[in-house]
Amino acid sequence: MAATLISLTASVNGVLYELGVAGRDTLLDVLRERLALTGTKKGCDQGACGACTVLVDGRRVLSCLMLAAQCDGCEVTTIEGLGSEAQLHPLQSAFVRHDALQCGYCTPGQIMSAVALLDEGRAGSDDEIREFMSGNLCRCGAYPNIVAAIRDVAGR
Amino acid sequence: MTALIGSGVDRVDGPAKVRGAAPYPTDVTYPQLAHAALVRSTIASGRVIAINDHDARATAGVLTVITHETAPTLTPAPFGLLGPAPPPPLQDDHIHHHGQYVAVVVAATAHEADVAARLVKVEYEGGDPPLLDFDDPRSALEATPWDTATQRGDVEAGLAEADVIHEATYTTADNTNNPLGLFATVAAWEGDIVTVHDATQWPAYTQATIAEVFGIEPAAVHVRSPYVGGAFGAGLFVWQHVILAVLAARAVGRPVKLVLTRPQMFTGVGHRPSSVQSIRMGARRDGELVAIEHVSTNSASIKHASIEPISGATARSYACANVATTDQQRRLNIPLPGSMRGPGHAQGNFALESAIDELAYALGLDPLELRLRNFAAVHPQSGLPWSSNALGECYTVGAERFGWSRRDPEPGSMREGHWKIGYGLAAISWSWWQVRCQARATITRDGRAHVCSAASDPGTGTRTVMRQVAGERLGLPLNDVRFELGDSEMPWAPASGGSSLTASLGNAVHAACEALVRRFLDVVADDDRSPLRGCSLDDVRVAEGRIHRRDDPSDGEHYTDILARHGLNELTVDAEATPPSQENAELARSGPFAAKFVEVRVDEDLGLIRVARITTAIDAGRILNEKTARSQIVGGTIGGIGQALLEETITDPGTGRITNATFGDYLIPVNADTPDIDVFFVGRPDPLTPLGAKGLGEIGLVGIAAAIANGVHHATGRRIRSIPITLDRLL
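Remember, predicted model here, so these are calculated numbers, not experimental data. (Residues numbered from 1 in each chain as written. Chains lettered and ligands numbered in written order. Predicted model: local features only at pLDDT ≥ 70, side-chain atom pairs only at ≥ 80, totals over all residues.)

**Quick look at the overall build of chain B**
Here is step 1 of the chain: Within chain B, the secondary structure is distributed over 15 helices and 29 strands.
Here is step 2 of the chain: Since a compact globule built from 731 residues should have a radius of gyration of about 27 Å, the 27 Å found for chain B is in line with a globular shape.
Here is step 3 of the chain: Within chain B, buried positions represent 60% of all 731 residues.
Here is step 4 of the chain: For chain B, contacts bridging at least 24 residues in sequence account for 81% of all contacts bridging at least 6. (Helix = DSSP H or I, 4+ residues; strand = E, 2+ residues; numbered from the N terminus. Rg over C-alpha atoms; globule rule 2.2 N^0.38 Å. Buried ≥ 20, exposed ≤ 12 C-beta atoms within 10 Å, placed from the backbone. Contact = placed C-beta atoms within 7 Å.)

**Here we look at the overall build of chain A**
Here is step 1 of the chain: When helices and strands are counted, chain A shows five helices and five strands.
Here is step 2 of the chain: Written out in order from the N terminus, the α and β elements of chain A read β-β-α-β-β-β-α-α-α-α.
Here is step 3 of the chain: For chain A, the C-alpha radius of gyration of 16 Å lies close to 15 Å, the compact-globule estimate for 156 residues.
Here is step 4 of the chain: Principal-axis analysis of the C-alpha atoms places the extent of chain A at approximately 55 × 30 × 25 Å.

**Quick notes on the sheet that holds strand 3 (residues 62-67) of chain B**
Residue and element names in this part refer to chain B.
Here is step 1 of the chain: The strand order across the open sheet formed by seven strands is 3-5-1-13-10-11-12, and the pairing between neighbours is mixed. This sheet does not close on itself; its edge strands, each paired only once, are strand 3 and strand 12 (221-224). With strand direction ignored, the average angle separating the axes of adjacent strands in the sheet is 20°. (Pairing = 2+ DSSP bridges. Axes fitted to C-alpha atoms, helices over the stretch in contact; angles between N-to-C directions.)

**Observations concerning helix 5 (residues 203-214) of chain B**
Residue and element names in this part refer to chain B.
Here is step 1 of the chain: In a regular helix each residue adds 1.5 Å, so 12 residues correspond to 16 Å; helix 5 covers 17 Å between its end C-alpha atoms and thus fits that length.
Here is step 2 of the chain: Extensive coverage of helix 5 is indicated by the burial of nine of its 12 residues.
Here is step 3 of the chain: All buried positions along helix 5 are accounted for by P203, A204, Y205, T206, Q207, A208, T209, I210 and V213.
Here is step 4 of the chain: Elements that come into contact with the buried residues of helix 5 comprise strand 11 (193-198), strand 12 and helix 6 (240-252). (Expected span 1.5 Å × (residues − 1).)

**So, the interface of chain A and chain B**
Here is step 1 of the chain: On the chain B side, the residues contacting the 46 residues of chain A number 45 residues.
Here is step 2 of the chain: For the side of chain A that touches chain B, the secondary structure elements donating two or more residues are helix 2 (90-97), helix 3 (107-120), helix 4 (126-132) and helix 5 (143-154) of chain A.
Here is step 3 of the chain: A total of five residues in the side of chain A that touches chain B trace back to one element, the largest contributor, which is helix 5 of chain A.
Here is step 4 of the chain: Considering only residue class, the side of chain A that touches chain B consists of 24 nonpolar, 13 polar and nine charged. (Nonpolar A, V, L, I, M, F, W, Y, C, P; charged D, E, K, R; others polar.)

**Brief notes about the sheet that holds strand 17 (residues 414-416) of chain B**
All names here are of chain B.
Here is step 1 of the chain: If you walk across this open sheet you meet the five strands as 17-18-26-27-28, and the pairing is mixed. Each end of this open sheet is capped by a strand with a single partner; those strands are strand 17 and strand 28 (676-682). Across the sheet, the axes of successive neighbouring strands diverge by a mean angle of 25°, strand direction being ignored.
Here is step 2 of the chain: Taken together, the 11 bridges between strand 18 (residues 419-429) and strand 26 (residues 593-603) define a ladder with antiparallel strand orientation.

**Things to note about the pairing of strand 12 of chain B**
Residues and elements named next belong to chain B.
Here is step 1 of the chain: With four bridges connecting them, strand 11 and strand 12 associate as parallel partners. When the bridges of strand 12 are listed, T195 appears paired with H222.
Here is step 2 of the chain: After leaving strand 11, the chain enters helix 5 and then returns to the sheet as strand 12, a path that is right-handed. (Right-handed = clockwise from strand over helix to strand, strands pointing away.)

**Here's the deal with helix 8 (residues 345-363) of chain B**
Residue and element names in this part refer to chain B.
Here is step 1 of the chain: For helix 8, built from 19 residues, the straight-helix expectation of 27 Å at 1.5 Å per residue is met to within 8% by its first-to-last C-alpha distance of 26 Å.
Here is step 2 of the chain: Taken across its 19 residues, helix 8 has 17 buried, putting it largely inside the fold.
Here is step 3 of the chain: Positive backbone phi, at 70°, marks G364, one or two positions downstream of helix 8.

**Digging into the packing of helix 8 of chain B against helix 15 (residues 704-716) of chain B**
Residue and element names in this part refer to chain B.
Here is step 1 of the chain: Direction vectors running N to C along helix 8 and helix 15 enclose 35°, while the axes themselves pass 8 Å from each other. The crossing of helix 8 and helix 15 is right-handed. Contacts between helix 8 and helix 15 involve N349, F350, E353, S354 and D357 from the first element and A705, A706, A709, N710 and H713 from the second.
Here is step 2 of the chain: Class assignment for the residues of the contact of helix 8 with helix 15 results in four nonpolar, four polar and two charged. (Left-handed = near helix turned anticlockwise from the far one by under 90°.)

**Remarks on the packing of helix 3 of chain A against helix 5 of chain A**
Residue and element names in this part refer to chain A.
Here is step 1 of the chain: In contact at an axis separation of 11 Å, helix 3 and helix 5 are set at 40° when each is read in the N-to-C sense. Our classification of the angle between helix 3 and helix 5 gives oblique. Along this stretch, helix 3 crosses helix 5, giving a crossing that reads as right-handed. In this structure, helix 3 contributes Q110, A114, L117 and L118 to the contact, and helix 5 contributes I146, I150, V153 and A154. (Parallel < 35°, antiparallel > 145°, perpendicular 65-115°, else oblique.)

**A closer look at unusual backbone geometry**
Residues and elements named next belong to chain B.
Here is step 1 of the chain: The omega torsion of the bond from I723 to P724 falls at 5°, within 30 degrees of zero and hence cis.
Here is step 2 of the chain: Phi is positive for L90, close to 55°, though the residue is something other than glycine.
Here is step 3 of the chain: Following the sequence through the fold, L90 ends up in the loop between strand 3 and strand 4 (94-95).
Here is step 4 of the chain: Residue classification places L90 among the buried positions, given that 23 C-beta atoms sit within 10 Å.
Here is step 5 of the chain: At S499, a residue that is not glycine, the phi angle is positive and equals roughly 50°.
Here is step 6 of the chain: In this structure, S499 sits in the loop between strand 21 (481-484) and helix 12 (501-523).

**A closer look at the environment of A:L55**
Residues and elements named next belong to chain A.
Here is step 1 of the chain: Within the secondary structure layout, L55 lies in strand 3 (residues 53-56).
Here is step 2 of the chain: Residue classification places L55 among the buried residues on the basis of 22 C-beta atoms within 10 Å.
Here is step 3 of the chain: Beyond its immediate sequence surroundings of up to four residues, L55 is in contact with R60, V76, T77, M112, V115 and A116.

**Here's the deal with the environment of B:E142**
Residues and elements named next belong to chain B.
Here is step 1 of the chain: Considering the arrangement of structural elements, one finds E142 in strand 7 (residues 141-143).
Here is step 2 of the chain: In this structure, the C-alpha to C-alpha distance between E142 and Q328, residues 186 residues apart in sequence, is 5.5 Å.
Here is step 3 of the chain: When sequence neighbours within four positions are dropped, the list of residues in contact with E142 reads Q328, Q329 and R331.

**Describing the confidence of the model for chain B**
Here is step 1 of the chain: Per-residue confidence for chain B averages 96 on the pLDDT scale, and 100% of its residues sit at or above 70.
Here is step 2 of the chain: Note on the complex model: pTM 0.97, ipTM 0.98. (pLDDT = per-residue confidence, 0-100.)

**So, the pairing of strand 26 of chain B**
Residues and elements named next belong to chain B.
Here is step 1 of the chain: Of all 11 residues that make up strand 26, 10 are buried, and the element is covered over most of its length.
Here is step 2 of the chain: Looking at chain direction, strand 26 and strand 27 (residues 609-619) are connected through 10 bridges and run antiparallel. Across the sheet, the residue bridging to R601 is R610, located in strand 27.

**Concerning the environment of B:H548**
All names here are of chain B.
Here is step 1 of the chain: Within the fold, H548 resides in strand 23 (residues 546-549).
Here is step 2 of the chain: H548 gets classed as buried once you count the C-beta atoms within 10 Å, which come to 22.
Here is step 3 of the chain: As a C-alpha pair, H548 and P531 span 17 residues in sequence and 8.2 Å in three-dimensional space.

And the structure:
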C-alpha cells in the first residue's frame, strides 16, 4: 500500500528540491536517505542527543523531531552547506584547531548548534556557551575544547 | 626538522569530520540495499514457544523473517580481548534476558522492516520469575572464570598487626557505554565473499569471528571500519546484530544494513556490570599499610561467560605486604556485559580509593600523605623495579597545581556562600598491556610514504599519532605521509582497547619504518653511485626525505634518488613488533599512573553536587601527540563524572526490562556538567619499548569517581559508598 505523498519544496544548502514525502518522514531521514546528505547524524532518533541538529530558516532544530512536511518553503542548512573542503567555515576550522572532536559523530550537530548559538548571541561567556550547547551530547567528552573553539570564533 | 613525535598536531581526520564527510557504518549504502530490524524478547527468562510471522511477512516490502526456527546452525566465535565472545544468535528457543533477539526482519526500506518487526507475534513460556537481584538466593555466586585473584603474604596476620582497621562495602551501578554513534553493520555478499562495514574497534577480530561463525575462510571476509562513532569498549566484541546482518544479507541475496536503535544499544552491545565490593584494610598508626583484602562481586549473564577484573589493580597499587583480591560474579537474567572504558578498574578503583580515604581519616592523616607513605617504589607483587613510574611526581605536581595545601582537613569546614566545598583525591595504577602488531610501510617514486595497519581509530587519534611516528621515523614531513587503518585486509592489528593500541601499533609502525629504511640500504649496498653504500641502519639517520650518514648530514641521498636510479616504483615492507617479555625481566612492565584532584561543591540546602575543577597529573610514558593525548584524558575525565554522579542503567525488578534506555532517561554529562579540567603530563619514556609510550585511553576515567566521592565527604562529612552519588543521597 503506497502512502499518500505530500509535495514539498524546500531549499537545502541553497539547492531547491521538490520532493514527495510521506507524512511520517522526518527531516533527518529525508536528508540522509533521499538527499544522501549523511553528514547529519542519527544518535537517538528521539530528540535527546543533538547529533541531528540542522538549521531551518536560520534556527537550530532537531531534524529527527521535525517532519519533512513541515519544511515546505523553508531554507534548510546542513553541515554540508557550511564550508567546503577548500574553505572550511570558521567554526569548522576552530573545531579542528582546538581538537573539539574525537570520534566525530556528534561533531556536525555540535557545529550547527554552535553556528546558531553565535547568531543567538549566546556566546558571551564560557558558562553561557556551556549552557546553550548542552543539548548536544558528546560521549567522547570534547566539551571543554568545544567551548574553546566557540569562544575563539566569538572573538572573546 | 622539528620533532613530529610529541607535538600537538591537529587531528588529521578533523577536516573530514567537521564537514560531515567521514563515512561511519551508518552512512554506508549500496544499490539494492535492504534493511533489517530486530525483534527483541519481552521476557527475561523462559522459552519461546511459538512465533507467528505471517502478518510480518505479508507486509509491503518484507523480504524475509529469520527466527530460531529458520536460522542455520552457527559456530560459536573465538575468544576476544576480554575472554569469551557473545553466543551466536537465534540458535535455540531459550530466553536469557529481556531484549534478547528472537527474530530479524529484512525489508526493502528501514521503515518497512520496522513496521514488520512490530507485527512478529512471539509467544513465551515464562516459568520462574527471572533472577535480577544480587540478593536473590536462587542466583548462583561463582568465581570469575580465568582466575583473576591475586595473593601475597597473609591478610589475617597483617590485620592482627594493624592499629587501625577499616572495613566497608562499596557498590557501583550498571553503566551503559552509549557511544553517540548507533552501532550499525552493513553486509554485502558477492559470491562467497562478504564485505562487512561495522563499528568495530578490532577489524581483524571481526573478520576472524565472522569466518568462524559462518564456517568460511577469513580471506572471504572483508571488514571495513575506517570511522567508528565512538565505542568505549562496545566495539571490542562481535555482537549478535553483526552476525544477523551478515546472515540476513546471505538470506535475501542483497546487501543489508542493520542499525541499532538507541534502546537496543542498552541491551545488545554490552555494558559495565554493577558491583558489590568488600574491603578490609589495616594500617599501623604511622600509616603503613599492613593488609588489604578486596572481594568484588559483579553481575553477570545467567548463561554466558564474561570477565570483569575489578579487584586486581588493588594488588599493585600500594606497598603492602599482605594482600588478597578476589573477583566473583552473580549470574542473573541480564544482557551480557561487555567492556566499558576502564572495565573492572573503574569499579575497583572507586572502592579502593574510597577506602584509602576513609582509612586516612581513621588515622588522622592527610589522604595525600597516606598515599605517599605507601607508595610502591617497586612492583609490589613481583618485587622488580618498575620500568617507569612517576606516580610520586603525579602526587606532588598534581597537588601543587591543584592547591591541595589549601585544604582544611576537617569535613564540612570549607564553604563559599551556600556551597560546601570539598577537595578529593584518588590515585590510579593502571595495568600494563601490549600485544603483537603488524604494519606495512611503503615509499613511492614521488617520495611519499604510505603506512597502514588493520587498526581502529574510534576517536582516539590513532590515525594522527601514527602519521607522526611514521613521519619522524622516515624523516618525512607530515604532509608526505599517509596512514590508513580500519580495513581487515591490512596487516594484522590488535584491538583499540585495553589502552594498548598506541604502544603496540606505535612499535609496529616504528619497526616497519626502520625495516623500510634498511630495505633502502639493502638496495644501495653495492651501489657505487650511492653515498650510502655499505651502510647499516646504525650508520645512518633520516631527515627531509633523505637517508644520510650519521656523522655527516650532507653525505646522503633522497629516497626518490634511490628509487629512480634503480628503476623502482616503490619499496614496501611488512613488519611486526612484539611486546617486551616478562621472562627473566629485570624490570616490571609498567602501565600508566595518575593522581586526580577534584573540587566538589555541594549546595547545603538542595544537595546539588557540582564538580568545580579537576586536576589530573598523569604518567603515560612518552606522549606522542600532546593535543590528542590531552583530549583522551579530558574525555575520560568527563566519563568519570558520569560514572560518579549520573549514570545508572535501571532494570525493572519484576520484568528485567531496562527502564531508562534512552538519552532522555539515562543521563550522561552534558557541556554544562563539565568543569575546568587541568591535565598535566609527567614522567619519561618507558625504556622497555622503542617508542616509550604507555596507554592513556582509559586512565582518564578511572579514579574520578573516588576523587569525587572523597570530595563529597570532605565537603559534607557524608561518606557515600555507592555510585552514582545522586542528590537524594545527600538530603
